[in-house]
Amino acid sequence: MAFLRFKGIGITAMAGAVPKKVIKNLEYTEFFPEDQVKEVVEKVGIYERRFADEKTCSSDLCFAAAQKLIIDNNIDRDEIDLLIFVSQTQDYRMPATSITLQHRLGLKQSCIAFDVNLGCSAFIYGMSVVYSMMQTGNIRKALLLDGETRSKVYGPRDRRSAFIFGDGGVAALVERNEKFGETTLSLNSDGSRADLIMIKAGGYRHMSTPETLKERVVDEYGNMRSDEQGYMKGGDVFNFVIREIPRDIKKTIAEAGKTVDDIDYFCFHQANNFINAYIAKKMKLDLEKIPHTIEKYGNTSSVSVPLTIVSELKDKMEGQKTLMMSAFGVGMTWATGIVSFCDTKISDVVEVEEGQPCDESLRRDYTPIETGSEESDTHPNKED
Amino acid sequence: MNVQEFIEKFAEAIDIEATELTADTEFRTLDEWDSVAYISVIAMMDEEYDIQIEMPTFKTLKTLGAIADYIEKNK
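Residues numbered from 1 in each chain as written. Chains lettered and ligands numbered in written order. Predicted model: local features only at pLDDT ≥ 70, side-chain atom pairs only at ≥ 80, totals over all residues. Heavy atoms only, no water.

**Observations concerning the overall build of chain A**
For chain A, the count of helices and strands is 8 helices and 19 strands. The globule rule puts the C-alpha radius of gyration for 384 residues at 21 Å, and the 21 Å found for chain A is close to it. Split into buried and exposed, the 384 residues of chain A put 56% on the buried side. If you take every contact in chain A between residues at least 6 apart in sequence, the share linking residues at least 24 apart comes to 80%. (Helix = DSSP H or I, 4+ residues; strand = E, 2+ residues; numbered from the N terminus. Rg over C-alpha atoms; globule rule 2.2 N^0.38 Å. Buried < 20%, exposed > 50% of the residue type's maximum accessible area, 1.4 Å probe, protein only. Contact = heavy atoms within 4.5 Å.)

**Overview of the side chain of Thr183 of chain A**
Mapping Thr183 of chain A onto the fold places it in strand β9 (residues 182–189). Among the polar contacts made by the side chain of Thr183 of chain A, one reaches the main-chain amide nitrogen of Ser340 of chain A at a distance of 3.1 Å. (Polar contact = N/O pair within 3.5 Å; in protein donor to acceptor, adjacent residues only side chain to side chain.)

**Points about the interface of chain B and chain A**
In this complex, chain B contributes 16 residues to the contact, which on the side of chain A involves 17 residues. Here chain B packs against chain A, burying approximately 1600 Å² in sum over the two surfaces, 53% of which is carbon and sulfur. Contact with chain A buries surface across chain B, with Val36, Ile39 and Gln52 of chain B losing the most and accounting together for 31% of the total. For the interface between chain B and chain A, the tally reads 5 salt bridges. Put simply, Asp46 of chain B and Lys282 of chain A hold a salt bridge, and the shortest N to O gap is 2.9 Å. Here chain B and chain A share 11 residue pairs in polar contact (both at pLDDT 80 or more) between them. For the side of chain B that touches chain A, the secondary structure elements donating two or more residues are α2 (35–49) and α3 (55–60) of chain B. With 9 residues, the top contributor of residues to the side of chain B that touches chain A is α2 of chain B. In terms of residue class, the side of chain B that touches chain A is made up of 8 nonpolar, 3 polar and 5 charged. (Buried area = accessible area lost by both parts, 1.4 Å probe. Salt bridge = Lys/Arg side-chain N within 4 Å of Asp/Glu carboxyl O. Nonpolar A, V, L, I, M, F, W, Y, C, P; charged D, E, K, R; others polar.)

**A short note on the pattern of salt bridges**
Residues and elements named next belong to chain A. A full pass over the atoms with the stated rule returns 33 salt bridges over all chains. A salt bridge links Arg160 to Asp158; its shortest N-O distance comes to 3.1 Å. Arg160 gets classed as partly exposed once you look at its relative accessible area, which sits at 24%. The exposure class of Asp158 is buried, given its relative accessible area of 1%. Across the pair Arg216 and Asp227 runs a salt bridge, and its minimum N-O distance is 2.7 Å. In this pair, Arg216 sits in strand β11 (residues 216–217) while Asp227 sits in the loop between β12 (224–225) and β13 (231–232), placing the two residues 11 residues apart along the sequence. Take Arg216: its relative accessible area is 38%, and that puts it in the partly exposed class. It is possible to trace a salt-bridge network through shared partners that takes in Asp158, Arg160, Arg216, Asp219, Arg225 and Asp227.

By themselves, these observations are geometric and do not establish any function.
Now the structure itself:
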């Protein structure tokens, strides 16, 4: 059983961004009758979500969050030695989005930048990578960016996923400092359940064809989607989660040498309210200690844990705090963190429209990445 | 375990009248049986009986009586 333990490393500042466009779930009735929608919405406890417009990507949400963080905290961009972008809704199949963000954020070329491709548990995985690299002692400041536009992944005609997912992005600044106590992370994977949540086509196993784009009826309830869209077997996921998650949380708290009472806040992946309320009840946790955003942002995949911290714990992070983070999802992967925080500065959540922060002071000029031309300066060889 | 007791808990979980159900009811044919009902039943089994059942196994159980038997044998 692999636990990772760190000391003297922590998140010193956080910021979050969401698309400006609000989807009201009870009015999301284009494809399903109102009474059915009401039943599902009340069961999952998701009343509003944010949807990225056509011009907004995960990277734009993370850019806005990172700009907010850098400006609010007066961070010297040249001190950022590492940028990790966590997402499964990246801008391109290549290059990695982290590299384009290095350019757009005006970070130096000696900044290490790469992507981590994982689902709902990925913020904690991202932390494990950043904290490990921090431990070498050669990195001053690291930016952990986590963004998702899951609204673009799931189709509106599959009621199993149509009311669940929303979009968001966060930025976390990680630094070394004696003030941070111990952080213990537990990371787990079970590839035998890879088909519980999946987008089948568009990779190299099932490359995109006109066929994979076609919407078709996929089950006896008349749910429709294409193979380019994600699906989720919610019941099977739930079954898995209620077995594994409480167990992993208990083990990790014990491994960290703490008890449930030592935890200031329990930050769960915002999957849906049914799952979250069930786990809280099963583990007999104090509901006052469980911040939540499921009702207003929906399930934003890996962004949900840090976005909930930014949105709900802004004025509650003074002094030493111990947070539990717990997340699970596509893979399946699941992770638990008992994380030391101290005086973490949290910025207000900002909004993004048409790929740009709505607050103009957060925008930044940069040379566009796509030039629209593949012409090079060399000449093709001419015969004769 | 009392089958009738299980049937009442099942009915409560998916919000129908227990009088409509017997041990021979093939629950997947009920109008109310959908993905929401499914997670409600899984939650009920975990909560009431501490039973977490693997999907392939659950799929082999056709009637309420069969689930009750399974719970009895695996408690």
